[in-house]
Amino acid sequence: MVKKIVLGLMVICFSLFHLNAQAVVILQYHHVSDSTPKSTSVTPAQFAEQMQYLADNHFTVMPLADAVDALKNNTAIASNSIVITFDDGYESIITNAAPILASHQFPFTVFISPAPIIAGYEGMMSWQDINTLIEQGATIANHSWGHEHLIRRLPKETVEQWHDRVESNILATEAELLKQTGQNAKMFAYPYGEYTAQLEAILEKHGFVGFGQQSGAAGEYSSITALPRFPVANAYADLSSLTVKFSSLPMPVLKQNISEPVLTSGKFRPKLVITLDTTDLYPHQLMCFIQGQGAKKPIWIEEDTFSIQAPADMAPGRSRYNCTVPSKTRTGYYWFSQMWIRPKDDGKWPQE
Ligand SMILES: [Zn+2]
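Residues numbered from 1 in each chain as written. Predicted model: local features only at pLDDT ≥ 70, side-chain atom pairs only at ≥ 80, totals over all residues. Heavy atoms only, no water.

*Asks:* Explain helix α2 (residues 44-56) here, please?
*Replies:* Note on helix geometry: an α-helix contains 3.6 residues per turn, so any two residues three or four positions apart are oriented the same way. Taking 1.5 Å of rise per residue, 13 residues should cover 18 Å, and α2 covers 18 Å from first to last C-alpha, within 8% of that figure. All buried positions along α2 are accounted for by Phe47, Gln50, Met51 and Leu54. Across the axial projection of α2, the buried residues extend over an arc of 95°, all falling on one side. Just downstream of α2, histidine 58 is the residue with a positive phi angle, here 60°. (Helix = DSSP H or I, 4+ residues; strand = E, 2+ residues; numbered from the N terminus. Expected span 1.5 Å × (residues − 1). Buried < 20%, exposed > 50% of the residue type's maximum accessible area, 1.4 Å probe, protein only. Arc of directions from axis to C-beta.)

Below is the structure:
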């Protein structure tokens, strides 16, 4: 009898622990404007609608640094937590997004590259604009010096030379941010969302946190140097598709065979093998989506382990595998995304 009660209590505690498991959804915006490229824009009307939705539906919009602290220290995060981020520092952030954010008192983070600001490129914010955002409570963070494809080596560059160049780039950017804004949050968003294990190691060495552009909620299962964010733009800016993402949960990935995004020649159909904590999900409901190739059901190798592989080669450039499965106990889908980065057949990178 006592044993049964103790067991019952343990089950309740375990369930509660699971219900309170860490989850935070980080949104990634670029432009908030009617006149900028659609692929990286939401309209001011869409942005206002999205922020109103978060306010009306009891989401907690938290500063990115607070989410990072909780993820690092494995402490609780309020349920329905959202973080708002912008990449690149475009002008429409201060003209269109900031007033809407201020009206809700929502905190936000802007990842910037100093080079285009120093050069005074049209359409970018100035340091003065950026400091105005800081007065509104914004956090400014690191997006590399000149928005380089950091994973790419220059012609004839050795691995060591690449390492030193990229390390200097990230540290010089952080120093410039400190000089211009008084902030050095040690939060780094990979330009183009491109990362490798070697690049993650540089961030880790210097105590930085890294953010990608693969989708999914962040949580206790996420790598602190490759945290997922949901890009919001174009076809992904529609409120009906976004609400599913707002309430998404981090897929409980216990083990995964490949986490390196860069695909090497002849291995353009990566076979991903993933072990999940299946406590709160029905494995047979898990569905995957291979970018450019459509939906694909995974193959379950063991009760808690599945594999997923593209039937055809992934296209050159960036692409993803996404997998989702509904939670048994919570409203929302567990969400997983793996980024792949493939060179062209001649070994060169696509032009951008
Ligand atoms: Zn960017």
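From this point, things continue past the structure.
*Asks:* Got a minute to help me understand the coordination of the zinc ion in this structure?
*Replies:* The coordination sphere of the zinc ion contains the protein donors Asp88 (OD), His143 (NE2) and His147 (NE2), at a distance range of 2.1 Å. Sequence spacing of the donors to the zinc ion: D-x54-H-x3-H. By relative accessible area, which is 1% here, histidine 143 ends up buried. (Donors = N, O, S within 2.8 Å, 3.2 Å for Na, K, Ca; no water.)

*Asks:* What's the story with the pattern of salt bridges in this structure? I'm lost.
*Replies:* Any two side chains of opposite charge can pair, given that their charged atoms come close. Enumeration according to the criterion identifies nine salt bridges in this entry. Of the charged contacts, one joins glutamate 176 and lysine 179 as a salt bridge, the two residues approaching to 3.8 Å between their closest N and O atoms. Highlighted residues: glutamate 176 and lysine 179, both in helix α7 (residues 159-181), separated by three residues, approximately one helical turn. With relative accessibility at 65%, the residue lysine 179 sits in the exposed group. For arginine 318, the salt bridge identified is with glutamate 194, shortest N-O distance 2.8 Å. With arginine 318 in strand β18 (residues 317-326) and glutamate 194 in the loop between β8 (187-189) and α8 (197-205), this pair connects stretches of sequence that are 124 residues apart. (Salt bridge = Lys/Arg side-chain N within 4 Å of Asp/Glu carboxyl O.)

*Asks:* I'm lost on the domain arrangement of the chain in this one. Help?
*Replies:* Interfaces are often described in size by the accessible area the parts lose on coming together. Partitioning the chain into domains gives domain 1 (17-250) and domain 2 (255-342). The C-alpha centroid of domain 2 is placed 24 Å from the C-alpha centroid of domain 1. Facing the 25 residues of domain 1 at the interface are 22 residues of domain 2. Across the domain 1 to domain 2 interface the summed buried area is about 1900 Å²; carbon plus sulfur atoms make up 58%. Run the count over domain 1 and domain 2 and you get eight residue pairs in polar contact (both at pLDDT 80 or more). Among the secondary structure elements, those contributing two or more residues to the side of domain 1 that touches domain 2 are α1 (2-19), β10 (230-231), α9 (239-246) and β11 (249-250). (Domains from an automatic or database assignment. Contact = heavy atoms within 4.5 Å. Buried area = accessible area lost by both parts, 1.4 Å probe. Polar contact = N/O pair within 3.5 Å; in protein donor to acceptor, adjacent residues only side chain to side chain.)

*Asks:* What should I look at first to understand the environment of threonine 139 in this one?
*Replies:* Relative to the assigned elements, threonine 139 resides in strand β7 (residues 139-142). Sequence separation of threonine 139 and phenylalanine 108 is 31 residues, and the distance between their C-alpha atoms is 6.4 Å. Apart from the residues within four sequence positions on either side, threonine 139 is in contact with Phe108, Thr109, Val110, Gln183, Ala185 and Met187.

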